[in-house]
Amino acid sequence: MNSDLTSATRDRYKTIRWGVIGAGGIAAEFCSDLAHLPDHAVVAVGARKSGTNTEFADRFNIPHRHDSYADVVNDPDVDVVYVATPHPHHFDAAMLAIEAGKAVLVEKPFTMNAADSRLLAEAARARGTFLMEAMWTRFLPHIVRIREVIESGRIGDIITVTAEFGEQFGDESPRAFILDEGGGALLDIGIYPISFSAMLLGQPSEIIASADLSDGGVDVTTSVILRHESGAHAIVNTTMLAGTPNGANVTGTLGRIEIEPEFFRPTSFTVVTAGTGERERIEIPHVGNGLRHQAAEVGRCLRLGLTESPILPLAQTISILETIDEVGRQIGLHYPPRTPSAP
Ligand SMILES: NC(=O)c1ccc[n+]([C@@H]2O[C@H](COP(=O)([O-])OP(=O)(O)OC[C@H]3O[C@@H](n4cnc5c(N)ncnc54)[C@H](OP(=O)(O)O)[C@@H]3O)[C@@H](O)[C@H]2O)c1
């Protein structure tokens, strides 16, 4: 890219202007954390039904209130669309935004399966638009530091990764128990330890999964062994029946990293040296809920004229969904085929 183009792109994106599709729980947390980024603003929000997003728009002082998702993606003041609908509806909303030529950040899981994620990636490449999965954990400051520690060679070659995400889902999460609505622990929270393992070890060469399914056919507890060509193993577990400690450990030939209390939210971590057992706690002070770091990455990429994040490229999002597809196949998780959502 030449320097003129870079400066024109920078000027265009002085403020990154967001449009929100799916103004629910996580969208509210996202908008609230975006307030920590002075060069980002939420300028538009859309809802499926007329007038239902007024409270959300008032709460976050959002000037453009649209009565359809199509109006959000066609809003000329929107640079990037944040898709925060329930997972079976990510594909249609993301495709709508890509076809309108907008940059898009799509909540996790990106799509219900790898095939749909490939279609989105192809569409974005054909249109030349930016596209990224909103796997916010990958951009958290402690995860950035952990990648640096590993790249420095301090813990040697990674031999094992263990990570879990267990939370007790109850009446406040009815969707989690309904197969047609993309329910189940694997897609909702199991994706976090799988993505963490993929960040460190890449795509597994062998997958062994076991799960307990509900009467309605969603996985309530799932455990997976991921074996890699390097010889490294990851063991990941997820459940929506109980709150597990949710830490993670990365063990190498020269030492290990212990992340607690919850590896996927802003936290600190400890590096333990093999042999001596010396422990260094690496404190990472943090304000806010951590959802803004992925937005900052979107802004950084747009200003550089990139259509993918090098930290979470589409190939890795697709590969994570391939792993999830295989886990789903082994445990007998059968989601219905995608049906088009209303624009
Ligand atoms: N990154 C994270 O930490 C995190 C945390 C929680 C959830 N998530 C992800 O974010 C997505 C949304 O989760 P959420 O908990 O925010 O959901 P939510 O509170 O139920 O909100 C989803 C919004 O999507 C819209 N929507 C469109 N089609 C819908 C449908 N058929 N049924 C229900 N709502 C529909 C609704 O907005 P309108 O009526 O205004 O159109 C609704 O308010 C999920 O894919 C989930 O995996 C991520």
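Source: prediction; values computed, not measured.

Considerations on the sheet that holds strand β5 (residues 103-107)
- Spatially, six strands are ordered β3-β2-β1-β4-β5-β6 in an open sheet, and the strand pairing comes out parallel. Either end of the sheet is taken by a strand with one partner, and the two such strands are β3 (64-66) and β6 (131-134). Strand after strand, the sheet turns through a mean of 25° between neighbouring axes, direction not considered.
- Note that strand β1 (residues 16-21) and strand β4 (residues 80-83) share four bridges and pair parallel. Note on β4: the bridge partner recorded for Gly-19 is Val-81.

Section: helix α7 (residues 141-151)
- By the burial criterion, the buried members of α7 are His-142, Ile-143 and Ile-146. Along α7, the residues classed as buried sweep out an arc of 100° about the axis, all on the same side. Of the residues in α7, the exposed ones pointing more than 90 degrees away from the buried face are Glu-148 and Glu-151.
- The inward-facing, buried residues of α7 contact β12 (255-259) and β13 (269-273).
- Remark: Gly-153 follows α7 within two positions and exhibits a positive phi of approximately 85°.

Digging into the sheet that holds strand β14 (residues 279-282)
- Strand order in the open sheet formed by eight strands is β8-β9-β10-β7-β11-β12-β13-β14, with mixed pairing between adjacent strands. The sheet is open, and its two borders are formed by β8 (206-213) and β14, each paired with just one other strand. Neighbour to neighbour, the strand axes of the sheet diverge by 10° on average, direction disregarded.
- Of the strand pairs in this sheet, β13 and β14 are connected by four bridges, and their pairing is antiparallel. Residue pairing in the sheet places Thr-270 in a bridge with Arg-281 of β14.
- Contacts between α7 and the sheet are confined to β12, β13 and β14, with β13 contributing the most and set at about 15° to the helix.
- In the packing of helix α10 (residues 314-331) onto the sheet, contacts are made with β8 and β9 (219-227), and the angle to β8 comes to roughly 55°.

Quick notes on the packing of helix α5 (residues 90-99) against helix α6 (residues 114-127)
- The contact between α5 and α6 brings their axes to 9 Å, and the two run at 10°. The orientation of α5 relative to α6 falls into the category roughly parallel. Taking contact as the criterion, the partners of Phe-91, Ala-94, Met-95, Ile-98 and Glu-99 in α5 are, on α6, Asp-116, Leu-120, Ala-123, Ala-124 and Arg-127.
- Residues belonging to the contact of α5 with α6 are distributed by class as follows: seven nonpolar, no polar and three charged.

Overview of the domain arrangement of the protein chain
- Along its sequence, the protein chain is carved into domain 1 (3-136) and domain 2 (141-285 + 327-331).
- Inter-centroid distance (C-alpha atoms) of domain 1 to domain 2 is 27 Å.
- Contacts between domain 1 and domain 2 engage seven residues on the former and six residues on the latter.
- Tallied by class, the residues present in the side of domain 1 that touches domain 2 amount to five nonpolar, one polar and one charged.

Focus: the nonpolar core
- The biggest cluster of nonpolar side chains holds 97 residues, and the ones touching the most others in it are Val-20, Val-81, Tyr-82, Val-83, Ala-94 and Val-104.
- The residue makeup of this core includes at least three contributed by each of domain 1 (3-136) and domain 2 (141-285 + 327-331).
- Once residues within four sequence positions are removed from consideration, Val-104 is found in contact with Val-80, Val-81, Val-83, Ala-94, Ala-97, Ile-98, Thr-129 and Leu-131.

Side note on the pairing of strand β10 (residues 233-239)
- Inspection of the sheet shows strand β7 (residues 158-166) paired to β10 by seven bridges, in the parallel sense. Bridge pairing links Thr-162 to Ile-235 in β10.
- Across seven bridges, β9 lies against β10 in antiparallel orientation. Paired with Ser-223 across the two strands is Asn-237, which belongs to β10.
- Taking the residues that link successive antiparallel strands as the turn, the β9-β10 hairpin has five residues, and the phi of Gly-231 there is positive, at about 100°.

Re the packing of α6 against α10
- Running from N to C, α6 and α10 point in directions that differ by 165°, and their axes come no closer than 8 Å. Classified by the interaxial angle, the pair formed by α6 and α10 is roughly antiparallel. Here the hand of the crossing between α6 and α10 comes out left-handed. Residues Ala-114, Ser-117, Arg-118 and Ala-121 of α6 form the contact with α10, whose participating residues are Leu-314, Thr-317, Ile-318, Leu-321, Glu-322 and Asp-325.
- Across the contact of α6 with α10, the residue classes tally to five nonpolar, two polar and three charged.

Considerations on the environment of Leu-37
- Inspection of the secondary structure puts Leu-37 in the loop between α2 (25-34) and β2 (40-46).
- Put simply, Leu-37 and Thr-15 are 22 residues apart on the chain and 9.8 Å apart in space, counted from C-alpha to C-alpha.

Describing unusual backbone geometry
- Lys-108 connects to Pro-109 through a cis peptide bond whose omega is -15°.
- Locating Pro-109 in the fold gives a position in the loop between β5 and α6.
- Pro-261 follows Glu-260 through a cis peptide bond whose omega is 10°.
- With respect to the helices and strands, Pro-261 occurs in the loop between β12 and β13.
- At Asn-61, a residue that is not glycine, the phi angle is positive and equals roughly 55°.
- Examined against the element boundaries, Asn-61 turns out to sit in the loop between α3 (54-59) and β3.
- Located in the positive-phi region is Asn-246, a residue other than glycine, with phi close to 70°.
- On the secondary structure map, Asn-246 appears in the loop between β10 and β11 (248-252).

Criteria and cut-off values
Residues numbered from 1 in each chain as written. Predicted model: local features only at pLDDT ≥ 70, side-chain atom pairs only at ≥ 80, totals over all residues. Pairing = 2+ DSSP bridges. Helix = DSSP H or I, 4+ residues; strand = E, 2+ residues; numbered from the N terminus. Axes fitted to C-alpha atoms, helices over the stretch in contact; angles between N-to-C directions. Buried ≥ 20, exposed ≤ 12 C-beta atoms within 10 Å, placed from the backbone. Arc of directions from axis to C-beta. Contact = placed C-beta atoms within 7 Å. Parallel < 35°, antiparallel > 145°, perpendicular 65-115°, else oblique. Nonpolar A, V, L, I, M, F, W, Y, C, P; charged D, E, K, R; others polar. Domains from an automatic or database assignment. Core = buried A, V, L, I, M, F, W, Y, C linked by C-beta atoms within 7 Å. Left-handed = near helix turned anticlockwise from the far one by under 90°.

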